[in-house]
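Chain by chain, the residues run as shown.
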Amino acid sequence: MSELREPPRALYAAATEALAGAVTRALTRVDKTFRLAELISLDDPSPGLAAVRVLGADTLAPYRIAKRPIGSQDAEIVTASLVAFPTTDSAALPVRLQDWATRRLLAGPTGRPAPKFPAVPGLSAGLDWPGLAAVLGPLAPLAIPGLDCPVHDMARGRPLDLARGVTRSLLRRDYSTAARLARWFAIGPSVAAVPVESVLTHLALFAGDDPRIGLDIALARWAVRDGRA
Amino acid sequence: MTASTLVAWEVSAQKLAEGAWRWLGEVHQQFALDSGAPIDKLDPIRHLKPLSELALAASISLRETPTGRHAARVAPRLVEFAWAQFGAGALLCELQRAAPLDTQALETYAIFRRAGYRHQRFEALLAHLASLRVSSALEVISDRALGVLNAERVIGLPPRWDLAALTARTLLGACPEPWMLDLDSLYAITHTVYHLTDWGAHPSWLPEPLQNYLHQWLPVWLEVYLEAGHWDVVGELLVVDLCLSDPDCPAPAWARLAEAQREDGLLPAEAWRDIRTEKNVARNHYHPGAVAAVAGTLAVARRLEPHRQ
């Protein structure tokens, strides 16, 4: 019965959606009591840890937005997710960078040194706007206010091209890509024809029922508020 | 970079135009009107629109000078053919008398005036109608109204509306959120640009904020409809680019459109159409044919005259 050895994808996906919903609620209510440990048990960890691994640094966003330290139990859960699903050196760029982002946000509370940003040669060299969207969409988990790195610099430097990427995704009704790109668009300068608030409200009303998209919208709204602060 | 983008855009454009003119030269006779058919049997969309649009493409070719041997041969013949179908202007008179408030005959006549044809009695009829209060009180959607204004300008009639006020009321004039535009609204935007610049003759007549808006969002709409293989609107968007003071001339889009054109010069309206099973190939695909002819012709013209105002 080989299928029993396959990872239970549906279970993982459901756990990821549930966690995305919980993080979104914590972000939108600025929940000062959000605790991962209440959602995920280390005794029966598998789907929960997978969900933490998938959402990565986004899981820790409620702490940053509420400006409170990550509890030791929650840090332990995130660390366990990194151990349970290790990243290899040959992993794709989005996986390696998401890994960096998670470790970077964990560094303070766990007392570990902040990891160095991985060497990514020519990240933006010669990318046209569709190329930029193709690179930045999968890197959306790095678009957390304050998580400064070369990818943030790249996004801030190309507002019009990001607006084009968001526009194309909306026209294609590819709302998950639109929401991911909107997170980058939200941390940079504005573009008159594409007001970021309108984009986010549009996304929320057209696709916000999807928990992953809802989480991206909540994080983008935080980025907009952070940029104005 | 793919191999296709290595082809210079103007080479793709010239190839596209010449193929389109050759094909239009082969099929245009199929749009002949039944001689002696009463005008109430003439359908504006089925019978008159193709003739007007073929004449329009040809009139632009004559204005810009031809792009090659097929355009040089076909364009004058095509406009002559269409003028003959309209009874050398007599049919336009009849249509106007049957529907005095309709502006279609006026807009069609402007195409022939551009190509050097005239009909004195029809002009007298138009001048009379223009003098009536009803003309400026007509309720016409803004981008269509711009077509009327441009036709009046070409013919030499006084403008019935204020151009700037009308422009501001169009969809393009609002610089709408670019992600909200569906196919119909994009066609409305393309025609606003055509009418304001008289089909690329006067790029500077398109207000600068609208030019900036189009520079920003044309690349996105092109990308979306290239991906969808909607060659007709891709051609129209490339014409819009050529109506700007400083066109971007996107080489990959030109290459893709030239590649979509069949050996015989037919450009399918959409990539997914199976031409082999269609009965009315000329009728179904004359529009992208005319668009390709105009796009390629304007492209060659702008290549020779990049700083046109």
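In this text, all values refer to a predicted model and were calculated from it rather than measured experimentally.

**Q** Go over the packing of helix H4 (residues 90-98) of chain B against helix H5 (residues 104-114) of chain B, please, and point to the residues and values.
**A** All names here are of chain B. Where H4 contacts H5, the two axes come as close as 9 Å, and the packing angle between them is 160°. Relative to H5, the element H4 is oriented roughly antiparallel. Two packed elements cross with a definite hand, and for H4 against H5 that hand is left-handed. Contacts between H4 and H5 involve Leu 92, Leu 95 and Gln 96 on the former and, on the latter, Ala 105, Thr 108 and Tyr 109. Class assignment for the residues of the contact of H4 with H5 results in 4 nonpolar, 2 polar and no charged.

**Q** Account for the interface of chain B and chain A, naming residues and giving values.
**A** With 11 residues of chain B in contact, the opposing surface of chain A contributes 12 residues. Taken together, the residues of the side of chain B that touches chain A sort by class into 8 nonpolar, 1 polar and 2 charged.

**Q** Outline the domain arrangement of chain A, listing residues and values.
**A** Residues and elements named next belong to chain A. Domain boundaries assigned for chain A yield domain 1 (1-117) and domain 2 (120-229). Here the C-alpha centroids of domain 1 and domain 2 sit 21 Å apart. For the side of domain 1 that touches domain 2, the element with the most residues is helix H1 (residues 9-28), which contributes 7 residues. Here the side of domain 1 that touches domain 2 is built from residues that sort into 11 nonpolar, 5 polar and 4 charged.

**Q** Account for the nonpolar core, naming residues and giving values.
**A** Core analysis: the largest hydrophobic core is formed by 166 residues, its most contacted members being A:Val166, A:Ala182, A:Leu203, B:Leu54, B:Ala55, B:Val234 and B:Ala295. The element contributing the most residues to this core is helix H14 (residues 281-304) of chain B, with 11 residues. Residue contributions to this core reach at least three from each of two domains, namely domain 1 (1-117) and domain 2 (120-229) of chain A. Setting aside chain neighbours within four positions, we find B:Ala295 in contact with B:Ala13, B:Leu16, B:Gly235, B:Leu238 and B:Val239.

**Q** Please set out unusual backbone geometry residue by residue, giving values where relevant.
**A** Of all residues except glycine, most have a negative phi; of all peptide bonds, most are trans. Even without being glycine, A:Arg173 reaches a positive phi, approximately 55°. A positive phi angle, close to 55°, is found at B:Trp199, a residue other than glycine. For B:Trp199, the location among the structural elements is in the loop between helix H10 (183-197) and helix H11 (208-227).

**Q** Explain helix H10 (residues 196-207) of chain A to me, using residue names and the numbers behind them.
**A** The end-to-end C-alpha distance of H10(A), which contains 12 residues, comes to 16 Å, matching closely the 16 Å that a straight helix rising 1.5 Å per residue would cover. Its buried side turned inward, H10(A) meets helix H8 (159-171), helix H9 (175-187) and helix H11 (211-228) of chain A.

Procedures and definitions
- Residues numbered from 1 in each chain as written.
- Chains lettered and ligands numbered in written order.
- Predicted model: local features only at pLDDT ≥ 70, side-chain atom pairs only at ≥ 80, totals over all residues.
- Axes fitted to C-alpha atoms, helices over the stretch in contact; angles between N-to-C directions.
- Helix = DSSP H or I, 4+ residues; strand = E, 2+ residues; numbered from the N terminus.
- Parallel < 35°, antiparallel > 145°, perpendicular 65-115°, else oblique.
- Left-handed = near helix turned anticlockwise from the far one by under 90°.
- Contact = placed C-beta atoms within 7 Å.
- Nonpolar A, V, L, I, M, F, W, Y, C, P; charged D, E, K, R; others polar.
- Domains from an automatic or database assignment.
- Core = buried A, V, L, I, M, F, W, Y, C linked by C-beta atoms within 7 Å.
- Buried ≥ 20, exposed ≤ 12 C-beta atoms within 10 Å, placed from the backbone.
- Expected span 1.5 Å × (residues − 1).

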